[in-house]
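Here is how the chains run, residue by residue.
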Amino acid sequence: MVLIDPAQFSKAYQGLTQGGNTTNSPSICIFVSLDVDALCSVRILGDMLKRDRTPFVMKPVRGYEDLYLAATEHIQNHDFILFVFLNCGGVVDLNTLLGLNSKKNSKKQIYTFVIDSHTPQNLSNIFSKNIFVFDDGSLDLDDIPGQLREQIQQHFQTIQDQQENDDDDDDDDEST
């Protein structure tokens, strides 16, 4: 589970900039929703990344179709990818939408940072190993009793394993 609380924001930003400076071409791709909060946020984040000399590209998205098309294009052209979703992507299962865990993308390193004020947050994103969800303090998993929290996490792991097996079966069907 990768849920980033406010005390860890600076450490997460350091990880983002260090990962973003691994290649000459921009490996950070920022998807920004077309609302006021997201546009202000991308201006601030963009200025911070420029100050730290971290290359990035910014792609405005109107909806999930735009998001899917832009993300899959970026995935095809890069092997190491850092996605940042500003005020988008939090309410859908990004692994499923973008095929992040598919066999086709298994050799790629894809890390996703979600900063989204929309609720409810998709639990698949919160329990994913490659998706980092920023929490402003409003999501409190401690309110969920420990045993129930573990059951939820096991349930989503089972679902994710089944989806990976289904993807493998689909890939095998396509190759024959």
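Predicted model only: the values in this text are computed from it and were never measured. (Residues numbered from 1 in each chain as written. Predicted model: local features only at pLDDT ≥ 70, side-chain atom pairs only at ≥ 80, totals over all residues. Heavy atoms only, no water.)

**Student:** Provide a residue-level description of the overall build of the chain, including the pertinent values.
**Tutor:** Of regular secondary structure, the chain possesses six helices and six strands. Overall, the chain shows an N-to-C arrangement of helices and strands of β-α-β-α-β-α-β-α-β-α-β-α. Considering the chain as a whole, with its 176 residues, one finds that 40% of them fall into the buried category. Restricting to contacts in the chain with at least 6 residues of sequence separation, those with at least 24 account for 76%. Carbon and sulfur atoms form 50% of the exposed surface of the chain, whose accessible area is close to 10300 Å². (Helix = DSSP H or I, 4+ residues; strand = E, 2+ residues; numbered from the N terminus. Buried < 20%, exposed > 50% of the residue type's maximum accessible area, 1.4 Å probe, protein only. Contact = heavy atoms within 4.5 Å. Areas by Shrake-Rupley, 256 points an atom, 1.4 Å probe, with all protein chains shown as cover.)

**Student:** With reference to specific residues and values, describe the nonpolar core.
**Tutor:** If you look at the biggest cluster of nonpolar residues, it comprises 20 residues, and the most contacted ones within it are Phe31, Phe83, Phe85 and Leu94. Taken together, the elements giving at least two residues each to this core come down to strand S2 (28-33), helix H3 (64-77), strand S4 (80-86), helix H4 (94-98), strand S5 (109-115) and strand S6 (131-134). Among the elements that line this core, the one with the most residues is H3, at four residues. Those residues within four positions of Phe85 in sequence are excluded, and the remaining contacts are Phe31, Leu67, Leu94, Leu98, Thr112, Phe113, Val114 and Ile115. Ala12, Ile28, Ala38 and Phe132 belong to the second-largest nonpolar core, a separate cluster that totals 19 residues. (Core = buried A, V, L, I, M, F, W, Y, C linked by side-chain atoms within 4.5 Å.)

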